[in-house]
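# Coordinates in review
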Amino acid sequence: MRRFIAVVALVASLVTVVTAVAQVPYVRTPERVVVAMLRLAGVDENDVVYDLGSGDGRIVIEAARRFGARGVGIDIDPERIREANENARAAGVADRVRFIQQDMFEADLREATVVTLYLVPQFNQRLRPKLLRELPPGARIVSHQYDMGDDWPPLRKRRVGLRTIYLWVIPGRNGENGE
Ligand SMILES: C[S@@+](CC[C@H](N)C(=O)[O-])C[C@H]1O[C@@H](n2cnc3c(N)ncnc32)[C@H](O)[C@@H]1O
């Protein structure tokens, strides 16, 4: 019976991973766009950068290597987490970044001062309430390619070659926009 439950649990977690990855396929942000995103957010050594759907870890690793930040990558796919950990070691930043295999909708974002996204519009929309609830006032969100919908316009929008990146700032408790 215990074995049956273990097999059911394994199949259920595989289905979750396959479904999520099918919804947001693994596509990497080009290096130049990674740097532009981190600059748009004004990342520095005081920041904790979370990449939701972190892939091979490139955004978090670059935030640590180039800007001295700490970083956390969340990805549902265990293969991506393995790859990201290897890349962090190779880049010499394994002491400043960590990668967690988790569904981003279950991640605790309260310590993040910057969140980066390269997802799909439906995921951005679904994340909105969570970002607004958990991030501290003044935290920055940068998204590659997709915005948050017409009713949450970005503070800034930049073209980087053929790509577009967007910046939002979590408002203060009394409604100011954090600028
Ligand atoms: C388009 S890739 C972006 C990778 C990386 N952030 C970049 O910009 O290069 C999206 C990533 O999201 C991950 N993903 C999809 N659904 C997820 C979920 N529910 N929770 C966590 N990660 C998820 C995929 O495994 C994939 O690695």
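Residues numbered from 1 in each chain as written. Predicted model: local features only at pLDDT ≥ 70, side-chain atom pairs only at ≥ 80, totals over all residues.

### Concerning the overall build of the chain
- Assigned secondary structure in the chain consists of 5 helices and 7 strands.
- Counting from the amino terminus, the chain carries its helices and strands in the arrangement α-α-β-α-β-α-β-β-α-β-β-β.
- Burial statistics for the chain: of 179 residues in total, 37% are counted as buried.
- For the chain, contacts bridging at least 24 residues in sequence account for 66% of all contacts bridging at least 6. (Helix = DSSP H or I, 4+ residues; strand = E, 2+ residues; numbered from the N terminus. Buried ≥ 20, exposed ≤ 12 C-beta atoms within 10 Å, placed from the backbone. Contact = placed C-beta atoms within 7 Å.)

### Points about the sheet that holds strand β2 (residues 70-75)
- A sheet is described by the order of its strands in space; here 7 strands give the open sequence β3-β2-β1-β4-β5-β7-β6, paired in mixed fashion. Whereas interior strands pair on both sides, the edge strands pair on one side only; in this sheet they are β3 (97-101) and β6 (156-160). Mean inter-strand twist for the sheet, computed between neighbouring axes without regard to direction, equals 20°.
- Taken together, the 4 bridges between strand β4 (residues 114-117) and strand β5 (residues 140-144) define a ladder with parallel strand orientation. Its bridge partner lying in β5, Leu117 is registered against Ser143.
- Contacting β1 (48-52), β2, β3 and β4, helix α3 (residues 58-67) crosses the sheet at an angle of about 175° to β2. (Pairing = 2+ DSSP bridges. Axes fitted to C-alpha atoms, helices over the stretch in contact; angles between N-to-C directions.)

### So, the nonpolar core
- Ranked by internal contacts, the top residues of the largest apolar core, which has 44 residues, are Met37, Val43, Tyr50, Val60, Ala63 and Val115.
- The residues contacting Tyr50, other than those within four sequence positions of it, are Val72, Ile74, Leu109, Ala112 and Val115. (Core = buried A, V, L, I, M, F, W, Y, C linked by C-beta atoms within 7 Å.)

### Examining the packing of helix α2 (residues 31-40) against α3
- Close contact between α2 and α3 brings their axes to 10 Å; oriented N to C, the two are set at 65°. Crossing angle aside, the handedness with which α2 passes α3 is right-handed. Residues Val34, Val35, Met37 and Leu38 of α2 pack against Arg58, Ile59, Glu62, Ala63, Arg66 and Phe67 of α3.
- Here the residues of the contact of α2 with α3 are counted per class, giving 7 nonpolar, no polar and 3 charged. (Left-handed = near helix turned anticlockwise from the far one by under 90°. Nonpolar A, V, L, I, M, F, W, Y, C, P; charged D, E, K, R; others polar.)

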